[in-house]
Amino acid sequence: MSSESTPPSHPGPISLGDEDAVKDLLVNTVFGLWDIVNDLTRLQPSRKERYRVTIFGSARAQPGTFAYDECKRTAAALAEMGCDIITGGGPGMMQAANEGAASVNAAERNRSVGIRVDLPFEQEVNPFVQQAFEHKTFFTRLHQFVLMSDAFVVTPGGIGTVLELMMVWQLLQVKHLHDTPLILVGHMWTGLVDWARSSLLNPQLELASPADIDIPRCVDTADDAIALIREHHELWQRKRQE
């Protein structure tokens, strides 16, 4: 069965009393809007001027903790390379990454970006965001992360971080994203990938391929993540110069 909507055969006036016709019109119009959005996102610059790294992580990490300080140090190191840093714009690891990016006094000003979502318990963007975007839904926010990012670094986080990680992993699996590092920092993510390997590659019911499980790169330390991004960033720079 096709998932595409069927346009009305008679595009004349529709009475508001004709509930079925009104519903059909609304459904077709919504699908049409999605087609417009999808077409617009196909537009890409011929030459990207900025290399952007999105850092995902918990909103609950507190300043002064090891996780917060390592995330801040990672973002600062990446900003020193010339990378823009993108986060969810909130507190915790997001604030740590924005703080690290904003702390770098480079000749060319690096951007510390926050992509926010409207939540009742997170009212304000963190003070280290230099460029902010606001979204009403997680769906459009996740879409913007994907459109803007050249690499993803996932630090320790909760359910929201798992959602972001899994979305990027799946887009890489189905090749809607290409040549985009997905780097998972910390032992907790090794456990998640080990679970995926043992559960999804069960010979009795194989639910993924071995190559799918190898997509995320699990590393133990911030320095490991920095090294992987540095390698990819250098490759990106060489391609820009060709």
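Residues numbered from 1 in each chain as written. Predicted model: local features only at pLDDT ≥ 70, side-chain atom pairs only at ≥ 80, totals over all residues. Heavy atoms only, no water.

## What about the pairing of strand E5 (residues 151-154)?
Neither face of E5 is exposed, since Ala151 and Val153 on one face and Phe152 and Val154 on the opposite face are all buried. Two strands pair when backbone bridges link them, and strand E1 (residues 51-56) and E5 are joined in this way by four bridges, in the parallel orientation. In the strand pairing of E5, Ile55 is matched with Val153. Where E5 lies against strand E6 (residues 182-185), three bridges are found, and the strand directions are parallel. When the sheet's bridge partners are listed, Phe152 is paired in E6 with Leu182. (Buried < 20%, exposed > 50% of the residue type's maximum accessible area, 1.4 Å probe, protein only. Helix = DSSP H or I, 4+ residues; strand = E, 2+ residues; numbered from the N terminus. Pairing = 2+ DSSP bridges.)

## Side note on a negative patch on the surface
Taken together, the side chains of Asp18, Glu19, Asp20 and Asp24 define an acidic patch exposed on the protein surface. Locating Asp20 in the fold gives a position in helix H1 (residues 19-41). (Patch = residues over 30% accessible without salt bridge, like charges linked within 9 Å, V, L, I, M, F, W, Y side chains within 5 Å. Areas by Shrake-Rupley, 256 points an atom, 1.4 Å probe, with all protein chains shown as cover. Salt bridge = Lys/Arg side-chain N within 4 Å of Asp/Glu carboxyl O. Lys, Arg positive; Asp, Glu negative; His and termini not counted. Charge placed at Lys NZ, Arg CZ, Asp CG, Glu CD.)

## Some words on the packing of helix H2 (residues 66-81) against helix H3 (residues 93-102)
Closest axis-to-axis distance for the H2/H3 pair is 7 Å, and the angle between their directions is 35°. Two packed elements cross with a definite hand, and for H2 against H3 that hand is right-handed. Together, Ala67, Tyr68, Cys71, Lys72, Ala75, Ala76 and Ala79 of H2 and Met93, Gln95, Ala96, Ala97, Glu99, Gly100 and Ala101 of H3 make up the contact between the two elements. Here the residues of the contact of H2 with H3 sort into 10 nonpolar, two polar and two charged. (Axes fitted to C-alpha atoms, helices over the stretch in contact; angles between N-to-C directions. Left-handed = near helix turned anticlockwise from the far one by under 90°. Contact = heavy atoms within 4.5 Å. Nonpolar A, V, L, I, M, F, W, Y, C, P; charged D, E, K, R; others polar.)

## Thoughts on the pattern of salt bridges
This structure, assessed with the given rule, holds 10 salt bridges. Between Arg240 and Glu49 there is a salt bridge, with the nearest N and O atoms lying 3.3 Å from each other. With a gap of 191 residues between them, Arg240 in helix H8 (residues 222-241) and Glu49 in the loop between H1 and E1 connect regions that are remote in the sequence. In this structure Arg240 comes out as partly exposed when scored by relative accessible area, which is 24%. Of the charged contacts, one joins Glu164 and Arg141 as a salt bridge, the two residues approaching to 3.7 Å between their closest N and O atoms. Residue Glu164 is found in helix H5 (residues 159-173), and its partner Arg141 is found in helix H4 (residues 138-148); the two are separated by 23 residues along the sequence. With respect to class, Glu164 is no different from Arg141; both count as buried.

## Let's talk about the sheet that holds strand E4 (residues 131-135)
With respect to topology, seven strands assemble into an open sheet ordered E4-E3-E2-E1-E5-E6-E7, the strand pairing being parallel. With partners counted over all chains shown, the strands left at the sheet margins are E4 and strand E7 (217-219), one partner each. Taken over all neighbouring pairs, the strand axes of this sheet differ in orientation by 20° on average, direction set aside. Where strand E2 (residues 83-87) meets strand E3 (residues 112-117), three bridges bridge the pair, whose relative direction is parallel. Bridged to Thr87 within E3 is Gly114. Along the sheet, H3 makes contact with E1, E2 and E3, crossing E2 at roughly 160°. Sheet contacts for H5: E1, E5 and E6; angle to E6, the most-contacted strand, approximately 145°.

## Details of the packing of aromatic side chains
Counted by the stated rule, this structure contains three aromatic pairs. A centroid spacing of 5.4 Å and a plane angle of 65° characterise the contact between Tyr51 and Trp236, whose relative ring orientation is edge-to-face. Residue Tyr51 is located in strand E1, and its partner Trp236 is located in helix H8; the two are separated by 185 residues in the primary sequence. Per residue, the accessibility class of Tyr51 equals that of Trp236, and both read buried. A ring pair is formed by Phe56 and Phe145, whose centres lie 5.1 Å apart and whose planes are at 85°; its orientation type is edge-to-face. Of the two residues, Phe56 is situated in strand E1 and Phe145 in helix H4; the sequence distance between them amounts to 89 residues. Of the two residues, Phe56 and Phe145, both sit in the buried class. By way of ring pairs, the aromatic residues Phe56, Phe145 and Phe152 are connected into one cluster. (Phe/Tyr/Trp six-rings, centres within 6.5 Å; stacked < 30°, edge-to-face > 60°.)

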